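A structural walkthrough
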Amino acid sequence: MSPNREFHTHSPEETIAAGRQLTHDLQPGQMIILRGDLGAGKTTLVKGIAEGFAAALQEDVTSPTFTLVHEYRGPAVTLFHIDLYRIDTERELATLGIDDLRAEPASILLVEWGEKFEQIKAQSDGEISIERTGESERTIVYRAPAAKPLR
Ligand SMILES: Nc1ncnc2c1ncn2[C@@H]1O[C@H](COP(=O)(O)OP(=O)(O)OP(=O)(O)O)[C@@H](O)[C@H]1O
Ligand SMILES: [Mg+2]
């Protein structure tokens with residue numbers, strides 16, 4: 001995967017702004033893995049993505065740690081913000097019905113801890129990684145999947 005876009009942020013607000021920018025790279029039908037340690041800023045980034053799609057206000061985007069899936073409907077896309085941190089088995093994963101969410105019209109799935117599951121990795125349309133490089137510094141990298149060869 002080649003890096004398509006990179007941001008260096010110095011505050012949560014800047015990460016939210018990066019999320020707004022990243023909406024230009026995302027398209028309906030995609031599933032994107034959000035990769036990064038606990039507290040890296042994945043949920044903070046989703047605040048910006050949701051705002052960029054006019055699907056939610058940043059203060060209304062909260063962590064789906066316990067609820068597992070949050071849905072934000074915008075005029076052009078429906079965002080599903082999913083957190084697999086507490087999901088340990090493929091069986092539990094299946095109960096979330098991720099395929100059904102993908103089948104919703106104009107859905108974009110943003111999956112925290114998606115890299116835990118091979119099937120999520122295999123089906124994803126790229127990833128956004130967030131690395132903590134200081135107390136309030138983060139490096140955010142969006143990578144689209146390498147183009148699949150045409151048959
Ligand atoms: N530049 C920054 N970008 C994003 N968050 C930052 C930044 N600097 C400090 N923070 C703080 O880091 C924390 C990020 O929390 P957030 O819930 O977004 O992380 P997360 O990656 O979703 O964690 P988890 O895996 O626990 O869900 C917040 O408390 C935020 O205020
Ligand atoms: Mg989170």
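Residues numbered from 1 in each chain as written. Chains lettered and ligands numbered in written order. Predicted model: local features only at pLDDT ≥ 70, side-chain atom pairs only at ≥ 80, totals over all residues.

Surrounding ligand 1, one finds 20 residues, the nearest of these being T15, G41, K42, T43 and T44. Taken together, the elements giving at least two residues each to the shell around ligand 1 come down to α1 (12-22) and α2 (42-52). Residue composition of the shell around ligand 1, grouped by class: four nonpolar, 12 polar and four charged. (Near = placed C-beta within 6 Å. Helix = DSSP H or I, 4+ residues; strand = E, 2+ residues; numbered from the N terminus. Nonpolar A, V, L, I, M, F, W, Y, C, P; charged D, E, K, R; others polar.)

In this section: α2. Burial runs high along α2: 11 of the 11 residues are buried. Taken together, the buried positions of α2 are K42, T43, T44, L45, V46, K47, G48, I49, A50, E51 and G52. Of the residues one or two after α2, A54 is the one with positive phi, at around 50 degrees. (Buried ≥ 20, exposed ≤ 12 C-beta atoms within 10 Å, placed from the backbone.)

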